[in-house]
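Given next are the chains, with one letter for each unit.
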Amino acid sequence: MNQAATLHGCRLLGAFADEHDPLQRALAMQARALGIAVESVSDAGREQIYCLQGQGLAPTHCRLTGWDDEATRAISEFTLQAACGLMAVHGRASGQAQAIDLDYLAHVVASLALTGLMATALARLRGGQVTDCSVSLPGAGLQCISQYLAGATAEEGAERLPAGCSSARLRPPFVSADGVVFELETLDAGPWLAFWDGLGVARADSSKGWQGFLLRYARAISPMPETLCRTLANLPYAQVVEHCTAVGMAVTPVHQPCQRDTLIPVGDTPWSFSLHPVTVPSRPCNQVLPLSGLRVIESCRRIQGPLAGHLLAMLGAQVTRLEMPGGDPLRGMAPLAQGCSVRFDALNGLKAVVELDLKSASEREQLRRNIAEVDVFLHNWAPGKAEELALDQADLAQVNPALIYAYAGGWGNAQVPVGLPGTDFTVQAWSGIAHLIGQGEGNPGGSLFTVLDVFGGVIAAQGIVAALLARHLHGHAGRVDSSLLGAADLLCRSRMTRTRPLSAGVFRCQDASLAIDCCAPEHLETLARVFDFPMPCAWQTLREPLALQLARQPAAHWQARLLAAGVPVAIVRQDLAELQQDPRLVPWLAPGRYTRVLSPWRFT
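Analysis parameters
Residues numbered from 1 in each chain as written. Predicted model: local features only at pLDDT ≥ 70, side-chain atom pairs only at ≥ 80, totals over all residues. Heavy atoms only, no water. Helix = DSSP H or I, 4+ residues; strand = E, 2+ residues; numbered from the N terminus. Rg over C-alpha atoms; globule rule 2.2 N^0.38 Å. Buried < 20%, exposed > 50% of the residue type's maximum accessible area, 1.4 Å probe, protein only. Contact = heavy atoms within 4.5 Å. Areas by Shrake-Rupley, 256 points an atom, 1.4 Å probe, with all protein chains shown as cover. Polar contact = N/O pair within 3.5 Å; in protein donor to acceptor, adjacent residues only side chain to side chain. Domains from an automatic or database assignment. Salt bridge = Lys/Arg side-chain N within 4 Å of Asp/Glu carboxyl O. Expected span 1.5 Å × (residues − 1). Pairing = 2+ DSSP bridges. Axes fitted to C-alpha atoms, helices over the stretch in contact; angles between N-to-C directions. Arc of directions from axis to C-beta. Lys, Arg positive; Asp, Glu negative; His and termini not counted. Core = buried A, V, L, I, M, F, W, Y, C linked by side-chain atoms within 4.5 Å.

Looking up the protein chain in an unreviewed UniProt entry gives the name Acyl-CoA hydratase, with the organism given as Pseudomonas monteilii.

This part takes up the overall build of the protein chain. Along its length, the protein chain carries 23 helices and 23 strands. Since a compact globule built from 604 residues should have a radius of gyration of about 25 Å, the 24 Å found for the protein chain is in line with a globular shape. Taken over the C-alpha atoms alone, the protein chain extends approximately 70 × 65 × 50 Å along its principal axes. Expressed as a percentage of the 604 residues in the protein chain, the buried residues total 62%. Within the protein chain, contacts between residues at least 6 apart in sequence are counted, and of these 76% link residues at least 24 apart. Accessible area of the protein chain: about 22500 Å², with a carbon and sulfur share of 51%.

When you line up the elements, aspartate 517 lands in strand E19 (residues 513-517). On the accessibility criterion, aspartate 517 (5% relative accessible area) is buried. A polar side-chain atom of aspartate 517 sits 2.7 Å from a polar atom in the side chain of serine 76. For aspartate 517, the residues in contact, after removing those within four places along its chain, are Ser76, Phe78, Thr79, Ser503, Ala504, His523, Val567 and Pro568.

With an omega of -5 degrees, the peptide bond between proline 172 and proline 173 qualifies as cis. In this fold, proline 173 is placed in the loop between helix H6 (146-153) and strand E6 (174-175). At the junction of alanine 334 and proline 335, the peptide bond is cis and its omega measures out at 0 degrees in the coordinates. In this fold, proline 335 is placed in the loop between strand E11 (318-323) and strand E12 (336-337).

This part takes up the domain arrangement of the protein chain. Examined at the domain level, the protein chain breaks down into domain 1 (174-253) and domain 2 (504-597). Computed from C-alpha atoms alone, the centre-to-centre distance between domain 1 and domain 2 is 39 Å.

As enumerated under the stated definition, the model contains 25 salt bridges in all. Here arginine 283 ties to aspartate 375 by a salt bridge, and the two come within 2.7 Å at their closest N and O atoms. Pair noted here: arginine 283 is in the loop between strand E9 (271-277) and strand E10 (295-299) and aspartate 375 is in the loop between helix H14 (361-371) and strand E15 (376-379), with a separation of 92 residues, a long-range link. By relative accessible area, which is 16% here, arginine 283 ends up buried. Accessibility expressed as a relative area gives 0% for aspartate 375, which makes it buried. Ionic pairing is found between glutamate 298 and arginine 321, a salt bridge with its closest N-O pair at 2.7 Å. Taken together, the positions of glutamate 298 in strand E10 and arginine 321 in strand E11 put the pair 23 residues apart, joining distant regions of the chain. Considered together, glutamate 298 and arginine 321 belong to a single accessibility category, that of buried residues.

All right, on to helix H20 (residues 484-496) then. Between the first and last C-alpha of H20 there are 18 Å, a value that for 13 residues agrees with the 18 Å anticipated at 1.5 Å per step. The complete set of buried residues in H20 reads Leu484, Leu485, Gly486, Ala487, Ala488, Asp489, Leu490, Leu491, Cys492, Ser494 and Arg495.

Now for the sheet that holds strand E3 (residues 49-54). Pairing in this open sheet of six strands is mixed, and the strands run E2-E1-E3-E4-E5-E23 from one edge to the other. The open sheet has two edge strands, strand E2 (37-40) and strand E23 (601-603), and neither has a second partner. Averaged over all pairs of adjacent strands, the angle between strand axes in this sheet comes to 20 degrees, irrespective of strand direction. Relative to strand E4 (residues 57-65), E3 is paired through five bridges, and the arrangement is antiparallel. Bridge pairing links leucine 52 to threonine 60 in E4. Running over the sheet, helix H4 (residues 104-125) touches strand E1 (10-14), E3, E4, strand E5 (132-136) and E23 and is turned about 150 degrees from E4.

Another aspect to go through is helix H9 (residues 226-233). Buried within H9 we find Leu228, Cys229, Thr231 and Leu232. For H9, the angular spread of the buried residues around the axis is 160 degrees, confining them to a single face. Elements that come into contact with the buried residues of H9 comprise E6, strand E7 (181-185), helix H7 (189-198), helix H8 (203-219) and helix H10 (237-247).

With respect to the helices and strands, aspartate 345 occurs in helix H13 (residues 342-348). Despite its burial, aspartate 345 pairs with no opposite charge; the closest candidate is arginine 593, at 4.0 Å N-O. Apart from the residues within four sequence positions on either side, aspartate 345 is in contact with Cys340, Arg593 and Tyr594.

Let us look at the nonpolar core. If you look at the biggest cluster of nonpolar residues, it comprises 166 residues, and the most contacted ones within it are Leu64, Tyr104, Phe449 and Ile516. Ranked by residue count, the leading element in this core is helix H19 (residues 451-474), at 16 residues. Split by domain, this core shows at least three residues from each of two domains, domain 1 (174-253) and domain 2 (504-597). Excluding residues that lie within four positions of it along the chain, tyrosine 104 makes contacts with Glu77, Gln81, Leu86, Cys144, Phe449, Thr450, Val451, Val454, Phe455 and Leu491. Residues Leu170, Phe182, Trp192 and Phe213 belong to the second largest nonpolar core, which totals 22 residues.

Next comes the structure, spelled out in structure tokens:
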């Protein structure tokens, strides 16, 4: 099936007229990438309700909600990052709480909205009673930081890592003597220690650096001894590459988007579908959640794949996770609750678990028998492993032709340097996303928040639901690939085509910081009226007098006043443990052994 025809004949109706609105742009980009036609409805109003319809589909609706289950008035990318803790996580290693300068949550919300619409349409094709859904913008924001929130709220050993807790200078990416910003990557201590040994760095410093390097994925910090950063700052990049090659450690420059585009042009879709006609199995949906009655087997590590499986489970699928004999080692990563890592449980707690030795021929045969009865097989194994195990799509199609075979990888089909692992931080650097993030902050680049692992997991789930809908709507099944590079390209393309300059900032009030975003001209006019500033005025001329006014009252006072006036505003949460204090976020949080993030969807 042609890539652009995955969901041919489907249409998405709603508000698309505002070319400056990041959420409208993200919805349009993603819908078109799935083969869904986009139609702007002139009377869509401010409710932000989107309708998916098409031949063979009963119309389904998705409502986007903001604070207090109301419409998305007075909420923006900038203020949502502030309120939901994303600024705090990103700010742990970037000096202070600050936004990731991408349309990040806009794309996450767009993905979740389209996934909800497609899942609802799929349920109706399977006889389900669900007709409509809603997606909460705060719920989507919280979903992005769920594993970090788990670590910050564990009953025992909770991590206290507020914004600015780690140096913005002594951390990856590094800078060479000739000014090249670059990222190192290895998943094993051996090459790391050998690399620094070869540069004459004391083993005590390199060992300490390794512990900091390992913290990146779990805690969004990576404190490096100054000796390590200084050593690299005295070497030209070519010598860094030579030393890396000698010990088997990966290295890549942080590309600017224009540099990256000369290597491989920025892609326009994060998915690759290879579907063929099949006999569609009967899978009745007899519960409220739209994927009820569908079965998924997931064999994934770390974040991207497990998050995809977690979202499918939230939609009602029965997800069975495969783990090596003895269980996934990440179950033991502190902090723990009842013997299991809370960070691990935040992404895997809704799944059944089966331990399986994939090196055993008999256990692989058992897996094949099980796959004959399921709807989705999802993995993120290293390239070539599926073929080596005879568990590639062609192998499994022999036992289950209607199977949706999903691969959540790092690079997709891109031809990147040999030996460069497709991990979050290397893909950030190579793709140009790290440069765009750093450009907005004046630092070398990138975020130690797992920007791409999280968004990559969201789009992996979205691609799977799209393939399931294509199976039941058009009678096609097969393979769907998604990748971290595809996720990066979607964010990169959105950021580079942004036309309206940012008019947003973080200001200190009496007791806390406040994020204000004049993302539309009327917000700036309203702000001027509230504070009795002369009109007309520009954002830059307002900043200094605005800061003086805001410092005179508590943040909650200004938040209430500006929200009432319709200006996007939010108190900046510096510590994730503070999120439970915001009554607007409480519906999406479940306190317990740690604070869990609930589903961002509601179905009726």
